[in-house]
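What follows is the residue order along each chain.
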Amino acid sequence: MMLCWILISLFVGFLKAQENPEVIYAQVGGNVILPRENIKGDVYVNWYRGKDINITISRNPQSGIQRAKEMKTHADLLPDFSLKISPVQESDFEIWRCEQHVLSSTYKKTYKLYHVTIPKVPAVIAGDSLSLECKMDSSPVKPSVTWIPPENSDCHQSNHSREKIKVKDVSRCHSGVWTCMLEYGSKKKYYTNATTTVSVIDLSASPDTIYTSSSKVNIPCSLSSKIPWSILNETGLSGGSWSFTPLSDPKSTHSLLSLSVGSVVRWNKTQGKDSPVKAEGRELKDHVLSINLPVSEKIRGVYTCSLTFSTKTLSRKVQVEVLNVSSSGGSRVYEGQSVNLTCSLGHQLTSDLEVKWNCSSCSIFFGLNLHQSTLSIPEVKVEHSGKLTCELWKKGEKLTSAVLSLKIGKRSERQRERVIHAKTITSE
C-alpha cells in the first residue's frame, strides 16, 4: 500500500512539473544543452526523461556522476551539471526534468524539446537560385530566426532574418554550412543552431594567363568544392570538354578532350592528327579536371575547360604564353660572328611586361641594354660562352625565365683566312 502512495505522489509531482515546461528547440543529429538552474550548496542533481521514475543521469556529491544502466540517449553532464544531449535522437523530443536537492529543499525544472528542421536542398549550379527554409514545431514561444551564411575566403555576406530565404545568382561563396539560429524565451534567452550543408557546383577561378618555359605545363581546371561525381550526375551533368585556340590563329579552335560521364568519369582524346596540341585522356578520380602538356611554341593559345549540364554550361579560359630564347646563329657559333639574341613570347610584349637578361659567368652583355627583347652582339668571343638567362617580369614579379646555353668555338686557321678574305673583298 505504501508503495502505491509513493508511486502516486511521484506521478502527481511529475504532472505538476510539466505544466509549464521551458521550450527548447533541437535538431535531430545535432546537440542541445538543458541548463541547470544555479542552486547554491552541496547539491544533488537528478535528470529524468519523459514519464520515467528512474533517474537517467545524476550527480551525487559523494559518489560523483552516475548513469542509468540502460540509458536510451547519448546524454552527459557538463561541469555545471547541465544536461547535454549529443547527438539528438528522434526519441529525445519529450519532457525532461531536473530535480535538485540541497538538505531538505527540492528544486524542480522541466523542459520540453521541439523540432527545428531544415529540408535538405539538392546541389545548386553556380548562377542559379538557392532556397532555404527553417521549420519549427509549434510551441508556446515564437523564435526569431537568423540565417548565417558560410564563412568562405574573400566572401562578404550578410545574415538573413526570415524563416524562408531565397539567394539569387549563387557562387562558391554560398557553398558550405548554413546555420539557422533561433532566439527565444521570455525570462531567459535560449539559442539553438540548426545547420545544413549546401553544395554549389562551380569551377574554381583560374589565372587569366600562365607564363611558362619549362618542359611541362599544368593548365588548371577544377571543381570549386569536392562534390562527388554522383551528385553532379544527379544535377544533370551531360558532358564536358577541353578546347584550344592558337594565338596565331584566333579563328581556329581545336577540340582536345571530351568528358564521358556515368559510373566512370574520364577525359577521352578527340584531337585529330593535325592538332598542334596533344592532350592525354585519363580517368577522373576527384575534383581536378586539369591537363598537363609538353611545352613548345605550338601550345601558345587559349584553353577552355567546360562542364555541360542540362540547363547551362560552366567554363573557364586560360591563356598559355611560352617564353622562348634563341640565337640567330643557333646554340653553337664561332668567334667573330655577329649574333642576335631574342627573348620572345611570339608576339610583341604588352606595356606591363619587361625582359631582363643576365649571365653570371660570361661578359657578353657588357655595354648592352639588358631590358630589350633582342640583343645584337656585333662580334662574339670565346669568353662569351655560357648560359644566358632571359627573365620575364610584370610589376616587380618574375613570371618565368628561359635559358640558352651558348657555345662559341674558335675558328680554324682556314676559317680565319676565309673571313679575312671576305672582309677584304667587302672593303674594296
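Quantities reported herein were computed from a predicted structural model and do not represent experimental measurements.

J.: Which parts of the structure should I look at to understand unusual backbone geometry?
T.: Leaving glycine out, the prevailing phi sign among residues is negative, and the prevailing peptide bond configuration is trans. A cis amide bond links Ser86 to the next residue, Pro87, at an omega of -5°. Mapped onto the elements of the fold, Pro87 is located in the loop between β7 (83-85) and β8 (95-102). Not every positive phi belongs to a glycine, and Asp154 is a case in point at roughly 60°. Tracing the chain through its elements places Asp154 in the loop between β13 (144-148) and β14 (164-167). Residue Asp154 is classed as exposed on the basis of its relative accessible area of 71%. For Lys395, which is not a glycine, the phi torsion comes out positive at approximately 50°. Tracing the backbone shows Lys395 in the loop between β32 (386-394) and β33 (397-409).

J.: Mind showing me how you'd approach the UniProt feature "domain: Ig-like" (unreviewed entry) in the chain here?
T.: UniProt records the feature "domain: Ig-like" (unreviewed entry) at residues 127-199 and 321-400, using the numbering of this structure. The distance from the first to the last C-alpha atom of residues 127-199 is 13 Å, and the span holds 0% helix and 45% strand.

J.: How should the sheet that holds strand β27 (residues 324-327) be read in this particular structure?
T.: For sheets, the rule is that strands pair by backbone hydrogen bonds, running either parallel or antiparallel. Taking strand neighbours across the sheet as the criterion, the 3 strands line up as β27-β29-β31 in an open arrangement whose pairing is antiparallel. Only two strands of the sheet have a single partner each, and these edge strands are β27 and β31 (374-377). Shown here is a sheet whose adjacent strand axes are inclined to one another by a mean of 10°, direction ignored. Pairing geometry for β27 and strand β29 (residues 339-344), over 4 bridges, is antiparallel. In the sheet register, Asn324 faces β29, and the bridge partner there is Ser344.

J.: I would appreciate a short explanation of the packing of aromatic side chains in the present structure.
T.: The relative placement of two aromatic rings is captured by the distance of their centres and the angle of their planes. Evaluated as defined, the whole model comprises 5 aromatic pairs. For the pair Phe244 and Tyr303, a centre-to-centre distance of 4.8 Å together with 35° between the ring planes defines the contact as tilted. With Phe244 in strand β20 (residues 237-246) and Tyr303 in strand β25 (residues 301-309), this pair connects stretches of sequence that are 59 residues apart. We note that Phe244, like Tyr303, is buried. Pairwise contacts between aromatic rings join Tyr25, Tyr114, Tyr184 and Tyr190 into one cluster. Residue placement shows Lys356 over the ring face of Trp393; its charged tip is 3.9 Å from the ring centre.

J.: Got a minute to help me understand the pattern of salt bridges in this structure?
T.: Should their charged atoms come close, side chains of opposite charge can pair. Taken as a whole and assessed by the stated rule, the structure comprises 12 salt bridges. Linked through salt bridges whose partners overlap, the residues forming this network are Glu22, Glu37 and Lys109.

About the cut-offs
Residues numbered from 1 in each chain as written. Predicted model: local features only at pLDDT ≥ 70, side-chain atom pairs only at ≥ 80, totals over all residues. Heavy atoms only, no water. Helix = DSSP H or I, 4+ residues; strand = E, 2+ residues; numbered from the N terminus. Buried < 20%, exposed > 50% of the residue type's maximum accessible area, 1.4 Å probe, protein only. UniProt positions renumbered as here; feature names shortened; annotations may be inferred. Pairing = 2+ DSSP bridges. Axes fitted to C-alpha atoms, helices over the stretch in contact; angles between N-to-C directions. Phe/Tyr/Trp six-rings, centres within 6.5 Å; stacked < 30°, edge-to-face > 60°. Lys NZ or Arg CZ within 6 Å of the ring centre and 35° of its normal. Salt bridge = Lys/Arg side-chain N within 4 Å of Asp/Glu carboxyl O.

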